[in-house]
Amino acid sequence: MSSQDMLKNASTLASYNVLLQVMFRVLTFLLNAFTLRFVSKELIGVVNVRLTLLYSTLVFLSREAFRRACLSGGTDHNWRQVINLLWLTLPLGVLWASLLVCVWLWLLEVPDPLTIPHYGPAVGLFALAALQELLAEPLWVLAQAHMFVRLKVVAESLAMVAKCVLTVVLVVSAPQWGLYIFSAAQLVYTGFLVLCYIVYFLRFLGSEEANRKFFPLRGVADLLPSRVEGEAVIDWTLARLTWSFFKQSFLKQILTEGERYVMTFLNVLSFGEQGVYDIVNNLGSMVARFIFLPIEESFYVFFAKVLERGRDVRQQKQEEVAIAAEVLECLLKLVLVIGLIITVFGYAYSHLALDIYGGSLLSSGAGPSLLRCYSAYVLLLAINGITECFVFAAMSKEEVDRYNLVMLALSISFLLLSYMLTCWAGGIGFILANCLNMGLRILHSLFYIHRYFLSSQWTPLHGLRPSPLLLLALALSAVLTALSEGVFCCDGGWLLRLLHIAVGAGCLLGVLVTVLFTETKLVQFVRTQLLPRYGKKHT
(Lines give C-alpha, C1' and ligand atoms only; values in the text may rest on other atoms or scores of the structure.)
Protein backbone atom coordinates (compact mmCIF):
# COMPACT_ATOMS: atom_id res chain seq x y z
CA MET A 1 0.00 0.00 0.00
CA SER A 2 1.47 3.37 -1.03
CA SER A 3 1.89 6.27 1.38
CA GLN A 4 -0.83 8.17 -0.48
CA ASP A 5 -3.23 5.26 0.03
CA MET A 6 -2.30 5.07 3.69
CA LEU A 7 -2.89 8.81 4.04
CA LYS A 8 -6.29 8.42 2.40
CA ASN A 9 -7.24 5.57 4.74
CA ALA A 10 -5.93 7.39 7.81
CA SER A 11 -7.86 10.52 6.84
CA THR A 12 -11.05 8.53 6.29
CA LEU A 13 -10.54 6.77 9.61
CA ALA A 14 -10.02 10.12 11.35
CA SER A 15 -13.20 11.49 9.78
CA TYR A 16 -15.30 8.54 10.89
CA ASN A 17 -13.71 8.61 14.34
CA VAL A 18 -14.54 12.29 14.71
CA LEU A 19 -18.17 11.62 13.78
CA LEU A 20 -18.24 8.69 16.20
CA GLN A 21 -16.80 10.74 19.03
CA VAL A 22 -19.24 13.57 18.32
CA MET A 23 -22.10 11.13 18.72
CA PHE A 24 -20.55 9.65 21.88
CA ARG A 25 -20.04 12.99 23.52
CA VAL A 26 -23.44 14.34 22.54
CA LEU A 27 -25.15 11.23 23.92
CA THR A 28 -23.06 11.35 27.10
CA PHE A 29 -23.72 15.08 27.37
CA LEU A 30 -27.48 14.54 27.12
CA LEU A 31 -27.37 11.49 29.39
CA ASN A 32 -25.56 13.42 32.15
CA ALA A 33 -27.98 16.32 31.83
CA PHE A 34 -30.86 13.85 32.14
CA THR A 35 -29.49 11.83 35.07
CA LEU A 36 -28.69 15.02 37.00
CA ARG A 37 -32.45 15.37 37.45
CA PHE A 38 -32.86 11.89 38.96
CA VAL A 39 -29.70 10.98 40.92
CA SER A 40 -27.51 12.77 43.42
CA LYS A 41 -24.22 14.43 42.59
CA GLU A 42 -22.58 12.06 45.09
CA LEU A 43 -23.72 9.06 43.04
CA ILE A 44 -22.44 10.73 39.86
CA GLY A 45 -19.10 11.29 41.59
CA VAL A 46 -18.77 7.60 42.52
CA VAL A 47 -19.74 6.39 39.03
CA ASN A 48 -17.91 8.95 36.88
CA VAL A 49 -14.75 9.14 38.99
CA ARG A 50 -14.28 6.07 41.17
CA LEU A 51 -15.82 3.27 39.06
CA THR A 52 -14.93 4.73 35.67
CA LEU A 53 -11.33 5.07 36.86
CA LEU A 54 -11.29 1.36 37.76
CA TYR A 55 -12.61 0.46 34.30
CA SER A 56 -10.28 2.75 32.34
CA THR A 57 -7.21 1.75 34.36
CA LEU A 58 -7.87 -1.95 33.89
CA VAL A 59 -8.52 -1.66 30.16
CA PHE A 60 -5.63 0.74 29.48
CA LEU A 61 -2.97 -1.20 31.35
CA SER A 62 -4.11 -4.48 29.79
CA ARG A 63 -4.17 -3.48 26.14
CA GLU A 64 -2.62 -0.09 25.29
CA ALA A 65 0.96 -1.35 24.95
CA PHE A 66 -0.16 -4.26 22.77
CA ARG A 67 -2.08 -1.91 20.49
CA ARG A 68 0.82 0.45 19.92
CA ALA A 69 3.30 -2.32 19.29
CA CYS A 70 1.11 -4.46 17.01
CA LEU A 71 0.04 -1.48 14.89
CA SER A 72 3.66 -0.50 14.22
CA GLY A 73 4.86 -1.52 10.77
CA GLY A 74 1.41 -1.76 9.20
CA THR A 75 0.18 -5.18 8.00
CA ASP A 76 3.63 -6.70 7.39
CA HIS A 77 3.48 -9.15 10.28
CA ASN A 78 3.13 -12.84 10.89
CA TRP A 79 -0.46 -12.47 11.99
CA ARG A 80 -0.61 -15.86 13.67
CA GLN A 81 2.13 -14.70 16.05
CA VAL A 82 0.45 -11.30 16.48
CA ILE A 83 -2.87 -12.94 17.37
CA ASN A 84 -1.13 -15.12 19.94
CA LEU A 85 0.51 -12.03 21.43
CA LEU A 86 -2.78 -10.12 21.56
CA TRP A 87 -4.55 -12.90 23.44
CA LEU A 88 -2.15 -12.26 26.31
CA THR A 89 -4.21 -9.15 27.07
CA LEU A 90 -6.89 -11.36 28.66
CA PRO A 91 -4.78 -13.12 31.33
CA LEU A 92 -3.00 -9.83 31.94
CA GLY A 93 -6.40 -8.22 32.42
CA VAL A 94 -7.40 -10.91 34.94
CA LEU A 95 -4.26 -10.19 36.95
CA TRP A 96 -4.87 -6.44 36.89
CA ALA A 97 -8.56 -6.96 37.77
CA SER A 98 -7.67 -9.08 40.82
CA LEU A 99 -5.27 -6.44 42.09
CA LEU A 100 -7.42 -3.39 41.34
CA VAL A 101 -10.64 -4.86 42.76
CA CYS A 102 -8.83 -5.55 46.05
CA VAL A 103 -7.56 -1.96 46.11
CA TRP A 104 -10.97 -0.48 45.28
CA LEU A 105 -12.75 -2.58 47.92
CA TRP A 106 -10.32 -2.62 50.83
CA LEU A 107 -7.82 0.22 50.51
CA LEU A 108 -9.99 3.12 49.31
CA GLU A 109 -12.67 4.99 51.22
CA VAL A 110 -16.00 3.21 50.81
CA PRO A 111 -19.06 5.43 50.20
CA ASP A 112 -21.76 5.54 52.85
CA PRO A 113 -24.03 2.55 52.06
CA LEU A 114 -27.10 4.51 53.17
CA THR A 115 -26.61 7.21 50.50
CA ILE A 116 -24.74 5.15 47.87
CA PRO A 117 -25.60 1.44 48.25
CA HIS A 118 -24.27 -1.56 46.27
CA TYR A 119 -20.71 -0.26 45.98
CA GLY A 120 -19.02 -3.67 46.35
CA PRO A 121 -21.01 -5.46 43.61
CA ALA A 122 -20.59 -2.44 41.32
CA VAL A 123 -16.79 -2.67 41.60
CA GLY A 124 -16.90 -6.32 40.56
CA LEU A 125 -19.29 -5.66 37.67
CA PHE A 126 -17.21 -2.79 36.25
CA ALA A 127 -14.11 -5.01 36.37
CA LEU A 128 -16.07 -7.77 34.61
CA ALA A 129 -17.12 -5.30 31.90
CA ALA A 130 -13.47 -4.41 31.30
CA LEU A 131 -12.49 -8.08 30.96
CA GLN A 132 -15.41 -8.61 28.60
CA GLU A 133 -14.14 -5.82 26.34
CA LEU A 134 -10.67 -7.41 26.19
CA LEU A 135 -12.21 -10.40 24.40
CA ALA A 136 -12.45 -8.24 21.26
CA GLU A 137 -8.86 -6.98 21.36
CA PRO A 138 -7.39 -9.22 18.62
CA LEU A 139 -10.31 -8.31 16.37
CA TRP A 140 -9.93 -4.60 17.10
CA VAL A 141 -6.23 -4.61 16.16
CA LEU A 142 -6.96 -6.56 12.97
CA ALA A 143 -9.63 -4.05 12.02
CA GLN A 144 -7.39 -1.05 12.70
CA ALA A 145 -4.36 -2.47 10.92
CA HIS A 146 -6.41 -3.28 7.80
CA MET A 147 -8.34 0.01 7.91
CA PHE A 148 -11.86 -1.38 8.44
CA VAL A 149 -12.97 2.16 9.12
CA ARG A 150 -16.74 1.56 9.32
CA LEU A 151 -16.62 -1.40 11.70
CA LYS A 152 -15.49 0.64 14.69
CA VAL A 153 -18.11 3.30 13.99
CA VAL A 154 -20.97 0.82 13.75
CA ALA A 155 -19.87 -1.30 16.72
CA GLU A 156 -19.30 1.57 19.14
CA SER A 157 -22.40 3.42 17.97
CA LEU A 158 -24.68 0.44 18.62
CA ALA A 159 -23.00 -0.22 21.98
CA MET A 160 -23.34 3.41 23.08
CA VAL A 161 -26.98 3.64 22.04
CA ALA A 162 -27.77 0.42 23.94
CA LYS A 163 -25.99 1.75 27.03
CA CYS A 164 -27.84 5.07 26.94
CA VAL A 165 -31.25 3.48 26.40
CA LEU A 166 -30.78 1.06 29.29
CA THR A 167 -29.50 3.83 31.59
CA VAL A 168 -32.46 6.11 30.86
CA VAL A 169 -35.00 3.32 31.31
CA LEU A 170 -33.54 2.17 34.62
CA VAL A 171 -32.97 5.66 36.01
CA VAL A 172 -36.62 6.52 35.38
CA SER A 173 -38.19 3.21 36.36
CA ALA A 174 -35.89 1.99 39.17
CA PRO A 175 -33.74 4.83 40.56
CA GLN A 176 -33.44 2.95 43.87
CA TRP A 177 -31.09 0.46 42.18
CA GLY A 178 -28.37 3.12 42.26
CA LEU A 179 -25.00 1.76 41.17
CA TYR A 180 -26.55 -1.39 39.71
CA ILE A 181 -28.01 0.79 36.94
CA PHE A 182 -24.64 2.04 35.72
CA SER A 183 -22.96 -1.36 36.21
CA ALA A 184 -25.57 -3.07 34.03
CA ALA A 185 -25.26 -0.33 31.40
CA GLN A 186 -21.47 -0.78 31.26
CA LEU A 187 -21.83 -4.55 30.83
CA VAL A 188 -24.32 -4.03 28.01
CA TYR A 189 -21.95 -1.58 26.32
CA THR A 190 -18.96 -3.93 26.29
CA GLY A 191 -21.18 -6.90 25.41
CA PHE A 192 -22.55 -5.15 22.32
CA LEU A 193 -19.03 -4.08 21.35
CA VAL A 194 -17.64 -7.62 21.46
CA LEU A 195 -20.69 -9.05 19.72
CA CYS A 196 -20.42 -6.63 16.79
CA TYR A 197 -16.76 -7.49 16.17
CA ILE A 198 -17.41 -11.22 16.39
CA VAL A 199 -20.37 -11.11 14.00
CA TYR A 200 -18.43 -9.00 11.50
CA PHE A 201 -15.41 -11.30 11.35
CA LEU A 202 -17.57 -14.43 11.23
CA ARG A 203 -19.15 -13.03 8.07
CA PHE A 204 -15.94 -11.57 6.65
CA LEU A 205 -13.44 -14.43 7.02
CA GLY A 206 -13.40 -16.67 4.00
CA SER A 207 -15.65 -14.35 1.98
CA GLU A 208 -14.91 -13.09 -1.53
CA GLU A 209 -14.13 -9.66 -0.13
CA ALA A 210 -11.50 -11.16 2.20
CA ASN A 211 -9.91 -13.06 -0.69
CA ARG A 212 -9.94 -9.97 -2.86
CA LYS A 213 -8.15 -7.97 -0.16
CA PHE A 214 -5.64 -10.82 0.45
CA PHE A 215 -6.65 -10.88 4.11
CA PRO A 216 -4.01 -12.94 6.01
CA LEU A 217 -6.50 -15.02 8.05
CA ARG A 218 -8.76 -17.60 6.43
CA GLY A 219 -11.09 -18.92 9.10
CA VAL A 220 -12.38 -18.51 12.63
CA ALA A 221 -9.72 -20.89 13.96
CA ASP A 222 -7.05 -18.38 12.89
CA LEU A 223 -8.47 -15.89 15.41
CA LEU A 224 -7.70 -18.23 18.31
CA PRO A 225 -4.28 -18.90 19.87
CA SER A 226 -2.40 -21.54 17.88
CA ARG A 227 1.11 -22.80 17.16
CA VAL A 228 2.89 -23.89 14.00
CA GLU A 229 5.91 -26.17 14.17
CA GLY A 230 9.13 -24.47 13.21
CA GLU A 231 8.16 -20.92 14.23
CA ALA A 232 7.95 -19.02 17.50
CA VAL A 233 4.60 -18.79 19.25
CA ILE A 234 4.79 -14.98 19.32
CA ASP A 235 6.82 -12.31 17.54
CA TRP A 236 9.54 -11.58 20.10
CA THR A 237 10.46 -8.28 18.47
CA LEU A 238 6.90 -7.06 18.97
CA ALA A 239 6.88 -8.55 22.46
CA ARG A 240 9.94 -6.51 23.45
CA LEU A 241 8.41 -3.39 21.91
CA THR A 242 5.20 -4.15 23.83
CA TRP A 243 7.17 -4.28 27.07
CA SER A 244 8.70 -0.89 26.31
CA PHE A 245 5.28 0.59 25.59
CA PHE A 246 3.85 -1.11 28.67
CA LYS A 247 6.30 0.70 30.96
CA GLN A 248 5.41 3.93 29.18
CA SER A 249 1.64 3.29 29.21
CA PHE A 250 1.67 2.87 32.98
CA LEU A 251 3.11 6.34 33.34
CA LYS A 252 0.93 7.82 30.61
CA GLN A 253 -2.16 6.52 32.40
CA ILE A 254 -1.13 8.38 35.55
CA LEU A 255 -0.72 11.58 33.53
CA THR A 256 -3.99 11.08 31.63
CA GLU A 257 -6.14 10.25 34.67
CA GLY A 258 -3.95 11.91 37.26
CA GLU A 259 -6.60 14.12 38.80
CA ARG A 260 -8.92 11.14 39.27
CA TYR A 261 -6.16 9.18 41.00
CA VAL A 262 -5.49 12.10 43.32
CA MET A 263 -9.22 12.47 44.06
CA THR A 264 -9.61 8.73 44.58
CA PHE A 265 -6.53 7.95 46.67
CA LEU A 266 -5.94 11.22 48.57
CA ASN A 267 -9.58 12.27 49.23
CA VAL A 268 -8.94 15.94 48.48
CA LEU A 269 -12.56 16.39 47.33
CA SER A 270 -15.81 14.90 48.61
CA PHE A 271 -17.85 12.59 46.35
CA GLY A 272 -20.24 15.48 45.65
CA GLU A 273 -17.40 17.82 44.71
CA GLN A 274 -15.92 15.08 42.56
CA GLY A 275 -19.26 14.78 40.77
CA VAL A 276 -19.40 18.50 39.97
CA TYR A 277 -15.74 18.58 38.90
CA ASP A 278 -16.21 15.57 36.64
CA ILE A 279 -19.27 17.05 34.93
CA VAL A 280 -17.42 20.31 34.29
CA ASN A 281 -14.37 18.36 33.16
CA ASN A 282 -16.42 16.29 30.69
CA LEU A 283 -18.14 19.39 29.37
CA GLY A 284 -14.83 21.18 28.92
CA SER A 285 -13.15 18.23 27.21
CA MET A 286 -15.93 17.42 24.77
CA VAL A 287 -14.30 19.10 21.80
CA ALA A 288 -10.85 17.82 22.77
CA ARG A 289 -12.06 14.24 22.93
CA PHE A 290 -14.35 14.10 19.92
CA ILE A 291 -12.02 16.01 17.58
CA PHE A 292 -8.42 15.84 18.80
CA LEU A 293 -8.31 12.27 20.12
CA PRO A 294 -9.72 10.59 16.96
CA ILE A 295 -7.30 12.57 14.78
CA GLU A 296 -4.40 11.56 17.03
CA GLU A 297 -5.38 7.87 17.00
CA SER A 298 -5.91 7.75 13.23
CA PHE A 299 -2.77 9.62 12.22
CA TYR A 300 -0.63 7.63 14.64
CA VAL A 301 -1.48 4.67 12.39
CA PHE A 302 -0.48 6.76 9.35
CA PHE A 303 2.84 7.95 10.78
CA ALA A 304 3.68 4.46 12.09
CA LYS A 305 3.19 3.01 8.60
CA VAL A 306 4.93 5.74 6.60
CA LEU A 307 7.97 6.29 8.83
CA GLU A 308 10.61 3.67 9.61
CA ARG A 309 10.88 3.56 13.38
CA GLY A 310 14.25 4.65 14.75
CA ARG A 311 15.88 5.45 11.39
CA ASP A 312 17.41 8.80 10.45
CA VAL A 313 15.26 10.93 8.18
CA ARG A 314 17.93 10.86 5.45
CA GLN A 315 17.87 7.07 5.34
CA GLN A 316 14.14 6.84 4.60
CA LYS A 317 12.13 7.22 1.42
CA GLN A 318 12.11 10.96 0.85
CA GLU A 319 8.68 10.99 -0.77
CA GLU A 320 7.12 9.41 2.29
CA VAL A 321 9.04 11.66 4.69
CA ALA A 322 7.82 14.69 2.70
CA ILE A 323 4.21 13.54 3.00
CA ALA A 324 4.63 12.89 6.74
CA ALA A 325 6.17 16.37 7.27
CA GLU A 326 3.41 18.10 5.31
CA VAL A 327 0.69 16.20 7.16
CA LEU A 328 2.30 16.98 10.54
CA GLU A 329 2.48 20.69 9.71
CA CYS A 330 -1.18 20.81 8.67
CA LEU A 331 -2.31 18.84 11.72
CA LEU A 332 -0.41 21.18 14.04
CA LYS A 333 -1.99 24.21 12.38
CA LEU A 334 -5.44 22.60 12.56
CA VAL A 335 -5.36 21.80 16.27
CA LEU A 336 -3.72 25.15 17.06
CA VAL A 337 -6.52 27.09 15.36
CA ILE A 338 -9.24 25.01 17.01
CA GLY A 339 -7.55 25.27 20.39
CA LEU A 340 -7.20 29.05 20.16
CA ILE A 341 -10.88 29.42 19.23
CA ILE A 342 -11.93 27.28 22.20
CA THR A 343 -9.70 29.25 24.58
CA VAL A 344 -10.99 32.62 23.41
CA PHE A 345 -14.70 31.81 23.34
CA GLY A 346 -14.61 29.47 26.33
CA TYR A 347 -13.75 32.33 28.64
CA ALA A 348 -16.86 34.37 27.86
CA TYR A 349 -19.35 31.51 27.51
CA SER A 350 -18.45 29.15 30.37
CA HIS A 351 -20.95 30.61 32.82
CA LEU A 352 -23.78 30.54 30.28
CA ALA A 353 -23.01 26.97 29.20
CA LEU A 354 -23.05 25.64 32.76
CA ASP A 355 -26.22 27.55 33.64
CA ILE A 356 -28.06 26.06 30.66
CA TYR A 357 -26.68 22.58 31.22
CA GLY A 358 -27.08 22.07 34.95
CA GLY A 359 -28.65 25.21 36.40
CA SER A 360 -27.35 26.77 39.59
CA LEU A 361 -25.88 23.41 40.68
CA LEU A 362 -23.07 23.96 38.17
CA SER A 363 -23.11 27.70 37.39
CA SER A 364 -22.72 28.77 41.01
CA GLY A 365 -19.50 28.39 42.93
CA ALA A 366 -16.31 27.27 41.19
CA GLY A 367 -18.00 25.79 38.11
CA PRO A 368 -17.49 28.70 35.66
CA SER A 369 -13.89 29.24 36.77
CA LEU A 370 -13.17 25.54 36.28
CA LEU A 371 -14.55 25.62 32.75
CA ARG A 372 -12.64 28.80 31.83
CA CYS A 373 -9.37 27.24 32.97
CA TYR A 374 -10.19 24.08 31.10
CA SER A 375 -10.75 26.07 27.91
CA ALA A 376 -7.14 27.23 28.09
CA TYR A 377 -5.96 23.71 28.91
CA VAL A 378 -7.65 22.38 25.75
CA LEU A 379 -5.14 24.32 23.63
CA LEU A 380 -2.22 22.52 25.28
CA LEU A 381 -4.07 19.22 25.07
CA ALA A 382 -4.55 19.65 21.33
CA ILE A 383 -0.91 20.44 20.54
CA ASN A 384 0.44 17.67 22.78
CA GLY A 385 -1.80 15.06 21.18
CA ILE A 386 -0.41 15.64 17.68
CA THR A 387 3.24 16.11 18.67
CA GLU A 388 3.29 12.93 20.80
CA CYS A 389 1.40 11.10 18.07
CA PHE A 390 4.30 11.76 15.69
CA VAL A 391 7.03 11.20 18.28
CA PHE A 392 5.71 7.81 19.39
CA ALA A 393 5.45 6.66 15.76
CA ALA A 394 9.04 7.73 14.95
CA MET A 395 10.92 6.72 18.11
CA SER A 396 13.11 3.63 18.23
CA LYS A 397 12.73 1.10 21.03
CA GLU A 398 15.75 2.60 22.80
CA GLU A 399 14.30 6.10 22.52
CA VAL A 400 10.98 4.86 23.89
CA ASP A 401 12.83 3.37 26.87
CA ARG A 402 14.65 6.65 27.50
CA TYR A 403 11.41 8.59 27.23
CA ASN A 404 9.96 6.33 29.94
CA LEU A 405 12.33 8.04 32.37
CA VAL A 406 10.99 11.43 31.28
CA MET A 407 7.44 10.19 31.78
CA LEU A 408 8.36 8.91 35.23
CA ALA A 409 9.65 12.33 36.26
CA LEU A 410 6.54 14.01 34.82
CA SER A 411 4.25 11.56 36.60
CA ILE A 412 5.85 12.17 39.97
CA SER A 413 5.85 15.94 39.50
CA PHE A 414 2.24 15.87 38.33
CA LEU A 415 1.02 13.98 41.39
CA LEU A 416 2.88 16.32 43.73
CA LEU A 417 1.65 19.42 41.88
CA SER A 418 -1.93 18.12 41.82
CA TYR A 419 -1.98 17.54 45.54
CA MET A 420 -0.38 20.88 46.44
CA LEU A 421 -2.36 22.99 43.96
CA THR A 422 -5.65 21.30 44.86
CA CYS A 423 -5.09 21.99 48.55
CA TRP A 424 -4.48 25.63 47.54
CA ALA A 425 -7.06 26.21 44.77
CA GLY A 426 -9.53 23.31 44.93
CA GLY A 427 -10.58 21.75 41.64
CA ILE A 428 -8.80 24.45 39.64
CA GLY A 429 -5.53 23.10 41.02
CA PHE A 430 -6.03 19.92 39.00
CA ILE A 431 -6.26 21.91 35.79
CA LEU A 432 -3.22 24.06 36.62
CA ALA A 433 -1.16 20.93 37.32
CA ASN A 434 -2.31 19.43 34.02
CA CYS A 435 -1.31 22.60 32.18
CA LEU A 436 2.20 22.59 33.63
CA ASN A 437 2.80 18.94 32.83
CA MET A 438 1.29 19.20 29.38
CA GLY A 439 3.57 22.13 28.63
CA LEU A 440 6.63 20.09 29.60
CA ARG A 441 5.51 17.17 27.42
CA ILE A 442 4.99 19.53 24.48
CA LEU A 443 8.48 20.99 24.89
CA HIS A 444 10.03 17.53 24.87
CA SER A 445 8.11 16.55 21.71
CA LEU A 446 8.97 19.81 19.95
CA PHE A 447 12.69 19.30 20.62
CA TYR A 448 12.47 15.75 19.25
CA ILE A 449 10.63 16.84 16.08
CA HIS A 450 13.09 19.71 15.54
CA ARG A 451 16.06 17.32 15.79
CA TYR A 452 14.32 14.74 13.60
CA PHE A 453 13.91 17.12 10.65
CA LEU A 454 17.04 19.21 11.33
CA SER A 455 19.07 17.60 8.54
CA SER A 456 16.23 17.82 6.03
CA GLN A 457 14.50 20.60 4.10
CA TRP A 458 11.18 20.24 5.93
CA THR A 459 10.05 22.38 8.85
CA PRO A 460 6.68 21.01 10.04
CA LEU A 461 6.83 23.03 13.26
CA HIS A 462 5.90 26.09 11.19
CA GLY A 463 2.39 24.76 11.67
CA LEU A 464 2.49 26.36 15.13
CA ARG A 465 2.73 29.86 13.62
CA PRO A 466 -0.77 31.29 13.05
CA SER A 467 -1.14 34.26 10.75
CA PRO A 468 -1.03 37.75 12.36
CA LEU A 469 -4.49 38.55 10.98
CA LEU A 470 -5.92 35.46 12.68
CA LEU A 471 -4.34 36.46 15.99
CA LEU A 472 -5.83 39.94 15.61
CA ALA A 473 -9.29 38.51 14.90
CA LEU A 474 -9.05 36.28 17.98
CA ALA A 475 -7.91 39.17 20.19
CA LEU A 476 -10.82 41.34 19.05
CA SER A 477 -13.23 38.46 19.64
CA ALA A 478 -11.88 37.95 23.16
CA VAL A 479 -12.47 41.61 24.03
CA LEU A 480 -15.94 41.83 22.46
CA THR A 481 -17.25 38.59 24.00
CA ALA A 482 -15.89 39.49 27.44
CA LEU A 483 -17.68 42.86 27.26
CA SER A 484 -20.83 41.13 26.04
CA GLU A 485 -20.78 38.75 29.01
CA GLY A 486 -20.48 41.63 31.43
CA VAL A 487 -23.43 43.47 29.85
CA PHE A 488 -25.83 40.72 28.80
CA CYS A 489 -25.11 37.59 30.84
CA CYS A 490 -26.51 35.84 32.71
CA ASP A 491 -29.22 37.05 35.11
CA GLY A 492 -31.25 39.29 32.79
CA GLY A 493 -33.43 36.67 31.13
CA TRP A 494 -33.28 34.79 27.87
CA LEU A 495 -33.44 37.82 25.60
CA LEU A 496 -30.14 39.17 26.91
CA ARG A 497 -28.65 35.68 26.82
CA LEU A 498 -29.59 35.41 23.15
CA LEU A 499 -27.92 38.76 22.50
CA HIS A 500 -24.77 37.46 24.18
CA ILE A 501 -24.91 34.33 22.00
CA ALA A 502 -25.42 36.48 18.88
CA VAL A 503 -22.31 38.53 19.68
CA GLY A 504 -20.31 35.33 20.01
CA ALA A 505 -21.72 33.92 16.77
CA GLY A 506 -20.74 37.07 14.91
CA CYS A 507 -17.22 37.01 16.32
CA LEU A 508 -16.83 33.32 15.53
CA LEU A 509 -17.97 33.92 11.96
CA GLY A 510 -15.36 36.64 11.61
CA VAL A 511 -12.64 34.33 12.91
CA LEU A 512 -13.65 31.52 10.52
CA VAL A 513 -13.66 33.89 7.54
CA THR A 514 -10.17 35.03 8.55
CA VAL A 515 -9.04 31.39 8.65
CA LEU A 516 -10.45 30.79 5.16
CA PHE A 517 -8.48 33.70 3.66
CA THR A 518 -5.23 33.44 5.65
CA GLU A 519 -4.73 29.70 6.23
CA THR A 520 -5.30 28.43 2.69
CA LYS A 521 -2.98 25.42 3.03
CA LEU A 522 -4.86 24.29 6.13
CA VAL A 523 -8.24 24.75 4.46
CA GLN A 524 -7.10 22.67 1.50
CA PHE A 525 -5.88 19.90 3.82
CA VAL A 526 -9.17 19.80 5.70
CA ARG A 527 -11.20 19.74 2.48
CA THR A 528 -9.19 16.98 0.83
CA GLN A 529 -8.20 14.79 3.78
CA LEU A 530 -10.57 15.14 6.73
CA LEU A 531 -14.05 15.76 5.39
CA PRO A 532 -15.60 12.45 4.29
CA ARG A 533 -17.46 13.88 1.33
CA TYR A 534 -14.19 15.28 -0.03
CA GLY A 535 -12.01 12.38 1.12
CA LYS A 536 -13.16 9.88 -1.51
CA LYS A 537 -13.40 12.48 -4.23
CA HIS A 538 -10.10 14.33 -4.00
CA THR A 539 -7.59 12.24 -2.00
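Residues numbered from 1 in each chain as written. Predicted model: local features only at pLDDT ≥ 70, side-chain atom pairs only at ≥ 80, totals over all residues. Heavy atoms only, no water.

## With respect to a nonpolar patch on the surface
A surface patch of nonpolar side chains, about 800 Å² in accessible area, is lined by Phe265, Leu266, Leu405, Leu408, Ile412, Leu416, Tyr419 and Met420. Residue assignment for the nonpolar patch shows that the elements contributing at least two residues are helix H11 (258-266) and helix H17 (397-425). By residue number, the principal contributor to the nonpolar patch is H17, which donates six residues. Mapped onto the fold, Tyr419 is located in helix H17. (Patch = residues over 30% accessible without salt bridge, like charges linked within 9 Å, V, L, I, M, F, W, Y side chains within 5 Å. Areas by Shrake-Rupley, 256 points an atom, 1.4 Å probe, with all protein chains shown as cover. Salt bridge = Lys/Arg side-chain N within 4 Å of Asp/Glu carboxyl O. Helix = DSSP H or I, 4+ residues; strand = E, 2+ residues; numbered from the N terminus.)

## Let's talk about the domain arrangement of the protein
When the parts of a complex come together, some accessible area is lost, and that lost area is often taken as the interface size. One can read the domain layout of the protein as domain 1 (30-263) and domain 2 (268-530). Listed per partner, the contact involves 37 residues of domain 1 and 41 residues of domain 2. When domain 1 packs against domain 2, close to 3,600 Å² is buried across both sides, 65% of that on carbon and sulfur atoms. The closest approach of N and O atoms between Asp278 and Arg260, which form a salt bridge, is 2.8 Å. Seen at the junction of domain 1 and domain 2, the total is four residue pairs in polar contact (both at pLDDT 80 or more). Only helix H1 (3-35), helix H2 (41-70), helix H10 (236-256) and H11 provide two or more residues apiece to the side of domain 1 that touches domain 2. In terms of residues, the side of domain 1 that touches domain 2 owes the most to one element, H10, which gives ten residues. (Domains from an automatic or database assignment. Contact = heavy atoms within 4.5 Å. Buried area = accessible area lost by both parts, 1.4 Å probe. Polar contact = N/O pair within 3.5 Å; in protein donor to acceptor, adjacent residues only side chain to side chain.)

## What to know about the environment of Leu51
In this structure, Leu51 sits in helix H2. Taking the relative accessible area as the measure of exposure, Leu51 reaches 0% and is therefore buried. Separated by 73 residues in the primary sequence, Leu51 and Gly124 place their C-alpha atoms 9.8 Å from one another. When neighbours within four sequence positions are excluded, Leu51 is seen to be in contact with Val46, Tyr119, Ala122, Val123, Phe126 and Leu179. (Buried < 20%, exposed > 50% of the residue type's maximum accessible area, 1.4 Å probe, protein only.)

## Here we look at the packing of aromatic side chains
All told, the structure shown has 18 aromatic pairs when counted by the stated rule. The interplanar angle of 80° and the centroid separation of 5.2 Å between the aromatic rings of Phe303 and Phe390 together place this pair among those described as edge-to-face. In this pair, Phe303 sits in helix H13 (residues 286-306) while Phe390 sits in helix H16 (residues 367-394), placing the two residues 87 residues apart along the sequence. For the pair formed by Phe303 and Phe390, the shared burial category is buried. Through pairs of rings, three or more aromatic residues link up here, namely Phe299, Phe302, Phe303, Phe390, Tyr448, Tyr452, Phe453 and Phe525. (Phe/Tyr/Trp six-rings, centres within 6.5 Å; stacked < 30°, edge-to-face > 60°.)

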